[in-house]
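# Analysis of the macromolecular model
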Amino acid sequence: MIWKLLKQHVSVSQLTGFFLANLCGMVIVLLSVQFYSDVLPAFTAGDSFLKKDYIIVSKRVSTLGSAVGQNTGFTEAEVSDLKTQPFTERVGEFRPAQFKVSAGMGLEGMQLSTAMFFESVPDGFVDVNLDGWHFEPGMQEIPIVIPRNYLNLYNFGFAQSRNMPQISEGMMGMMPLDIRLSGRGQVSRMQGRIVGFSDRLNTILVPESFLEWANSQYGEGVKEEPSRLILEVKNPADDRIAKYFKDKGYETENDKLDAGKTTWFLKVIVGIVLSVGLLISVLSFYLLMLSIYLLLQKNTTKLENLLLIGYSPAKVAAPYQGLTATLNAFVFILALVAVVLVRNAYLDRLTQLFPSLEAGSVWPACVAGAVLFVIVSLLNIFAIRKKIDKIWYRR
Amino acid sequence: MNTIELQQTLPEVFAGRDGIVSDIWHRQVAFQKEKSYLIEAASGTGKSSLCSFVYGYRQDYQGIIAFDGTNVRKLHVADWVELRKRSLSMLFQELRLFAELTAWENVKLKNNLTGFRDKKEIRRWFEELGIADKWDQPIGRMSFGQQQRVAFIRALCQPADFIFLDEPVSHLDDGNGRLMARILTEEAAKQGFGIVVTSIGKHLPLEYDAVMQL
């Protein structure tokens, strides 16, 4: 009955305008949130065992330096100087193997074999959650992390040119490697298993415990200066780091920085799109408020009369609050549907580009949409009630 | 609520005037339940203002209006809503009906809120007051006299301690005025409410306990 009375002057065209505008804004906002959360893992994934704020430092190899036999190892003084820098959290040394290594694997009856080297970093720098990153003397299997580039080199260079099968990361992990260790006149065979790939680390990494044991077995016992250091920093974006490295002539491995740049650009672009979406949402919210205010203004006498015959402000406001909340709810649901449709379209392409990408869920869009819906509806409800209260007090 | 007191009440617009001669303004007046009062007034003496002060939708007065000793300025929105539903009924001079609703819908809108009357009773009043044929007609297409009767019926659709009728018979013939007076007396006998009627000429024919000049 109240609704029959109050629905007069409801402008369908204004509300449609709001509906479309808000839908537009909502879809843009939700889509950018969803896209960001879908794409981000593609840039941050890959180095499960190295945290983001680790930097790998080496000295520059120069032509002149090589000619005069200059050492690129870090002296103890240099390491302890680095440890005292304000940006440093802790420093770990790369320890090289002091014996010869060769690895081979059999593939379709063909034997591949190559000379190799091993390095290790303190276990604290390796994500302990990494399965099987563990070695004890007496074990026959060595866990190994190799650069992802190696696999790409094989898959896209070697295998294609020789008509050999390409290997996925998962397959690689299942394939045993024959490892031959030699030094101090001893030779032994062990099995290697690849437990991880890295984009950031250009070395073949084994557990420190293995290297200690193997160096004592096959090594010459000479202590060598580490040629690379792994550095945990408080904030990788700290510009003192870059300055310090430049002054000392150190180099860092760059690909991590590139990933950082890409995510930064992604963030900026998503940020811009998100703000445009939010702006449209805010404007459409404004449109709705104007439309409702106009409606209330046109119906002022009726609202006043309802209040005078004993209707409470809450009861009088309810139909309008219901109207806006329903509209907002429809916008929310439609926007979600639109996001799911668009997402299905780009997800196919995305999985082609990043095969290792795990499919996420639409939760980010749902949550963002729900938050937006609740905020906008509450603001609407509050504003309408304020307006009705004003009519009560005849202001 | 048993009494409505006016203590030195005066509309703010009259504040500057000298020599106000009135039985109500700037005096100590009390309306009692179960009594009936006629307030006679020339136009422009603040008759409708009085109604709106008592009914809580205007506050531009000096002095105090008190319900059972409580200053009405202290009442909150929720209190007023409750009063307008349960103890104060008002037949507005300008009626405040909804032109786009039918006569029955106008009454129902109030009755839905209070649930005080059943449809049969309302129907009977429509018949007694000679507007039964207007039951389903939009208010906008009825004469002012007919509308006055609908508004009167609506005013009865709530429990009340006091009922205010602001010029209830201004557009009614004497016959209809008598009918209205009879229904009102019946209801007053049942509920025991106080009646305050204003008039600028034609009176609702009742046995008034007091007649005052505004």
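Everything quoted here is computed from the prediction, not taken from an experiment.

About the criteria used
- Residues numbered from 1 in each chain as written.
- Chains lettered and ligands numbered in written order.
- Predicted model: local features only at pLDDT ≥ 70, side-chain atom pairs only at ≥ 80, totals over all residues.
- Helix = DSSP H or I, 4+ residues; strand = E, 2+ residues; numbered from the N terminus.
- Contact = placed C-beta atoms within 7 Å.
- Nonpolar A, V, L, I, M, F, W, Y, C, P; charged D, E, K, R; others polar.
- Pairing = 2+ DSSP bridges.
- Buried ≥ 20, exposed ≤ 12 C-beta atoms within 10 Å, placed from the backbone.
- UniProt positions renumbered as here; feature names shortened; annotations may be inferred.
- Axes fitted to C-alpha atoms, helices over the stretch in contact; angles between N-to-C directions.
- Parallel < 35°, antiparallel > 145°, perpendicular 65-115°, else oblique.

Residues and elements named next belong to chain A. Along the chain, Q191 falls in strand β9 (residues 186–198). For Q191 and E141, which are 50 residues apart along the polypeptide, the C-alpha to C-alpha distance reads 4.7 Å. Non-local contacts of Q191, meaning those with residues more than four positions away in its chain, are made with Q140, E141, P176, L177, D178 and I179.

Take the interface of chain A and chain B next. Listed by partner, the interface residues are 13 residues for chain A and 15 residues for chain B. With 3 residues, helix α10 (residues 300–308) of chain A is the single largest residue contributor to the side of chain A that touches chain B. Here the residues of the side of chain A that touches chain B are counted per class, giving 7 nonpolar, 4 polar and 2 charged.

Next up on the list: the pairing of strand β3 (residues 36–40) of chain B. Residue and element names in this part refer to chain B. Sheet topology note: the β3/strand β8 (residues 194–199) ladder contains 5 bridges and is parallel. Along β8, the bridge assignment pairs E40 with S199. As judged from the 4 bridges shared by β3 and strand β9 (residues 210–213), these two strands associate in the parallel manner. Within β9, the position partnered with L38 by the bridge is V211.

Further remarks concern unusual backbone geometry. Non-glycine residue R184 of chain A carries a positive phi angle of around 45 degrees. By secondary structure assignment, the location of R184 of chain A is in the loop between β8 (177–183) and β9. Taking the C-beta count within 10 Å as the criterion, R184 of chain A has 11 such neighbours and is therefore assigned exposed. One non-glycine residue, R96 of chain B, lies in positive phi territory at about 55 degrees. Along the chain, R96 of chain B turns up in the loop between β6 (88–91) and α3 (103–114). Classification of R96 of chain B by C-beta neighbours within 10 Å gives partly exposed; the count is 18.

So, about the pairing of strand β4 (residues 61–67) of chain B. Residue and element names in this part refer to chain B. Here 6 bridges tie strand β1 (residues 3–11) to β4, and the two strands are oriented antiparallel to one another. If you follow I4 over to β4, its bridge partner there is F67. Two strands pair when backbone bridges link them, and β4 and strand β5 (residues 70–71) are joined in this way by 2 bridges, in the antiparallel orientation. Within the sheet, the bridge partner assigned to F67 lies in β5 and is T70.

Let us look at the UniProt feature "transmembrane region" (unreviewed entry) in chain A. Residues annotated in UniProt with the feature "transmembrane region" (unreviewed entry) correspond here to residues 12–36, 264–296, 317–342 and 362–384 of chain A. With 96% helix and 0% strand, the stretch residues 362–384 of chain A has end C-alpha atoms that lie 33 Å from each other.

Here we take up the sheet that holds β3 of chain B. Residue and element names in this part refer to chain B. Read across the sheet, 5 strands follow the order β6-β7-β8-β3-β9 without closing on themselves; strand pairing throughout is parallel. Both outer strands of the open sheet, β6 and β9, are each paired with one neighbouring strand and no more. In this sheet, adjacent strand axes meet at a mean angle of 15 degrees when their direction is disregarded. Two elements, β6 and strand β7 (residues 162–166), share 4 bridges in a ladder whose sense is parallel.

Residue and element names in this part refer to chain A. Between α10 and helix α12 (residues 363–392), the shortest axis-to-axis distance is 9 Å and the interhelical angle comes to 75 degrees. Classed by the angle they form, the pair α10 and α12 counts as roughly perpendicular. Contact residues: α10 offers T300, L303, E304 and L307, while α12 offers I388, I391 and W392. Looking at the contact of α10 with α12 residue by residue, the class counts come to 5 nonpolar, 1 polar and 1 charged.

This paragraph deals with the sheet that holds strand β2 (residues 28–32) of chain B. Ordered in space as β2-β1-β4-β5 (chain B), the 4 strands form an open sheet in which the pairing is antiparallel. The open sheet is flanked by β2 and β5 of chain B, the only strands paired with a single partner.

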